[in-house]
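# Understanding the architecture of this molecule
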Amino acid sequence: MDKEKYVAYVGTYTHGSSVGVHVYDLDVENGYMTERDVVPVNNASHLTKSDNGKYLYSIADEGVEVLKIDPETGDLTPINKVGIDGMRGCFLSTDHRGKFLFVAGYHDGKVTVVHTHRDGRLGSVMDGIFHKGLFSVAERNFRPHISCVMPTPDQKFLCVVDCGIDHINIYKVNPTSGKLKLLDVVRCELESGPRLIRFSKDGRFAYVNCELSNEILVYSYDGSGKIPKFELLQKEDSRMDKKELRCACSGLRIAPSGKYLYTSSAGDNSVSIFSIDPENGMLTKVLSLPISGKYPKDIDVFPDEKTLVTLNHESNEIRFFTIDYERGLLVMKGRPIKIDTPNCILISKVGEPEDETAQQENA
């Protein structure tokens with residue numbers, strides 16, 4: 001582990017001292033990060049890597065921006081940016097072949113497919129579909145708000161999570177044209193607000209955090225047929241205190257080993273960790289504790305799974321915690337890093353491309 005080099009890319013809104021994507025060197029042994037560089041990107045609200053590990057894609061006010069990753073250092077060099085024929089996005093993912101970039105549109109309820117060239121440049125918009133709902137102007141609920149877009153691990157389907165209409169739409173992506181075809185809809189409970197979807201390391205299970213009901217939904221996944229099958233297996237409360245109503249589930253990650261699931265909640269400003277049963281995918285809560293900051297919008301775990309990092313969006317800081325899985329404890333370590341309005345974090349190994357599973361956990 002000490003011979004391997006890791007960097008963390010942190011996307012921020014461009015307020016105060018934050019100007020875009022901040023690059024940090026990871027000290028895995030001591031569980032801390034040191035800022036090395038900052039690359040201007042207008043309001044970088046989400047980041048993802050290409051499957052070959054050569055390019056970093058970022059949401060930007062202009063649409064999406066792509067930056068080349070230096071294989072020796074992890075430094076970033078801007079290549080180009082393109083519009084997405086809609087309002088700014090909130091989440092990005094890529095296909096295994098590196099041909100398409102998928103963009104989730106929270107504000108306009110649109111999923112967009114953008115062509116990606118072999119040299120990393122972003123090309124034209126291949127397709128875009130607006131989700132339909134009741135379109136109530138007054139209420140956040142019942143209007144389409146796409147919060148996540150993620151290919152299934154077998155690359156057969158595209159899962160589009162809509163927290164406004166409580167749906168996970170399942171699309172087929174035409175491998176040549178990039179056109180989307182709706183195959184099925186996974187309906188979550190009304191006003192549950194599904195936010196993010198992650199898949200288990202072996203690809204047999206899917207995990208969805210619900211922003212409004214503060215639940216983690218566990219599904220079995222079977223992609224062997226023409227239409228995939230998602231079967232709900234478990235619901236687990238993500239809050240520190242089940243009586244606390246002013247909560248909103250936010251971050252969701254799965255450990256590199258696949259053994260643990262991590263989630264954060266605004267309102268009670270907590271983090272919960274669950275162990276994952278490798279046989280049936282079921283969750284067992286390990287801990288649920290406060291993180292001494294406001295709105296942990298995103299979280300991640302260091303490669304050795306001993307350090308948890310939280311991006312506290314409203315208190316403008318990054319905090320680090322040692323995880324004691326056996327005793328169910330989080331121990332704060334080091335001083336928090338001050339950074340204005342952090343949105344997302346992507347931890348990346350330098351000099352080696354990630355596989356698709358690793359990419360989706362860092363998305």
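Below is a summary of the structure that appears in this document. (Residues numbered from 1 in each chain as written. Predicted model: local features only at pLDDT ≥ 70, side-chain atom pairs only at ≥ 80, totals over all residues. Heavy atoms only, no water.)

### Comments concerning the overall build of the protein
Looking only at helices and strands, one finds one helix and 28 strands in the protein. For 363 residues, the compact-globule formula gives about 21 Å, and the C-alpha radius of gyration of the protein, at 19 Å, lands near that figure. Counting all 363 residues of the protein, 58% fall into the buried class. Here the contacts in the protein between residues at least 6 apart in sequence split such that 50% fall between residues at least 24 apart. Carbon and sulfur atoms make up 50% of the accessible area of the protein, which amounts to about 15000 Å² in all. The distance from the centre of the 44 positive side-chain charges to the centre of the 52 negative ones in the protein is 3 Å. (Helix = DSSP H or I, 4+ residues; strand = E, 2+ residues; numbered from the N terminus. Rg over C-alpha atoms; globule rule 2.2 N^0.38 Å. Buried < 20%, exposed > 50% of the residue type's maximum accessible area, 1.4 Å probe, protein only. Contact = heavy atoms within 4.5 Å. Areas by Shrake-Rupley, 256 points an atom, 1.4 Å probe, with all protein chains shown as cover. Lys, Arg positive; Asp, Glu negative; His and termini not counted. Charge placed at Lys NZ, Arg CZ, Asp CG, Glu CD.)

### A closer look at the packing of aromatic side chains
A full pass over the atoms with the stated rule returns six aromatic pairs. Ring geometry for Phe-199 against Tyr-221: centres 5.6 Å apart, planes inclined by 75°, an arrangement best described as edge-to-face. Of the two residues, Phe-199 sits in strand 16 (residues 194-199) while Tyr-221 sits in strand 18 (residues 215-222), which places them 22 residues apart along the sequence. Each member of the pair, Phe-199 as well as Tyr-221, is classed as buried. An aromatic cluster is defined as three or more aromatic residues linked by ring pairs; in this entry it consists of Phe-199, Tyr-219, Tyr-221 and Phe-230. Across the ring face of Phe-157, the terminal group of Lys-172 is positioned such that the distance to the ring centre comes to 5.2 Å. (Phe/Tyr/Trp six-rings, centres within 6.5 Å; stacked < 30°, edge-to-face > 60°. Lys NZ or Arg CZ within 6 Å of the ring centre and 35° of its normal.)

### Details of the sheet that holds strand 24 (residues 296-301)
Across the sheet, which stays open at both edges, the four strands sit in the order 24-25-26-27 with antiparallel pairing between neighbours. Strand pairing shows two members of the sheet lacking a second neighbour, strand 24 and strand 27 (329-338), which therefore form its edges. Going across the sheet, the axis of each strand differs from the next one's by a mean of 25°, ignoring polarity. In this sheet, strand 26 (residues 317-324) lies alongside strand 25 (residues 307-312) in antiparallel orientation, the contact comprising six bridges. Bridge assignment links Asn-312 to a residue of strand 26, and that residue is Glu-317. (Pairing = 2+ DSSP bridges. Axes fitted to C-alpha atoms, helices over the stretch in contact; angles between N-to-C directions.)

### Considerations on unusual backbone geometry
Non-glycine residue Asp-166 carries a positive phi angle of around 60°. With respect to the secondary-structure elements, Asp-166 resides in the loop between strand 13 (158-162) and strand 14 (167-173). Overall, the relative accessible area of 4% leaves Asp-166 in the buried class. In the Ramachandran plot, Asn-269 falls in the positive-phi region, its phi being about 50° despite a non-glycine side chain. When you line up the elements, Asn-269 lands in the loop between strand 21 (260-266) and strand 22 (270-276). Look at Asn-269 and you get buried, because its relative accessible area is 17%.

### Focus: the pattern of salt bridges
According to the stated counting rule, one finds 17 salt bridges in the structure shown. In this structure, Arg-97 engages Asp-95 in a salt bridge whose closest nitrogen and oxygen atoms are separated by 3.7 Å. Residue Lys-338 pairs with Glu-317 through a salt bridge whose shortest N-O separation is 3.8 Å. Of this pair, Lys-338 sits in strand 27 while Glu-317 sits in strand 26, placing them 21 residues apart in sequence. Under the relative-accessibility criterion, Glu-317 is labelled buried at 3%. Three or more residues are tied together by salt bridges with common partners; here these are Asp-25, Arg-36 and Asp-75. (Salt bridge = Lys/Arg side-chain N within 4 Å of Asp/Glu carboxyl O.)

### Describing the sheet that holds strand 23 (residues 283-290)
Pairing within the open sheet is antiparallel, and its four strands lie in the order 20-21-22-23. Edge positions in the sheet fall to strand 20 (248-254) and strand 23, since each has one partner strand and no second. In this sheet, adjacent strand axes meet at a mean angle of 20° when their direction is disregarded. Across six bridges, strand 21 lies against strand 22 in antiparallel orientation.

Read these as spatial facts, not as claims about activity.
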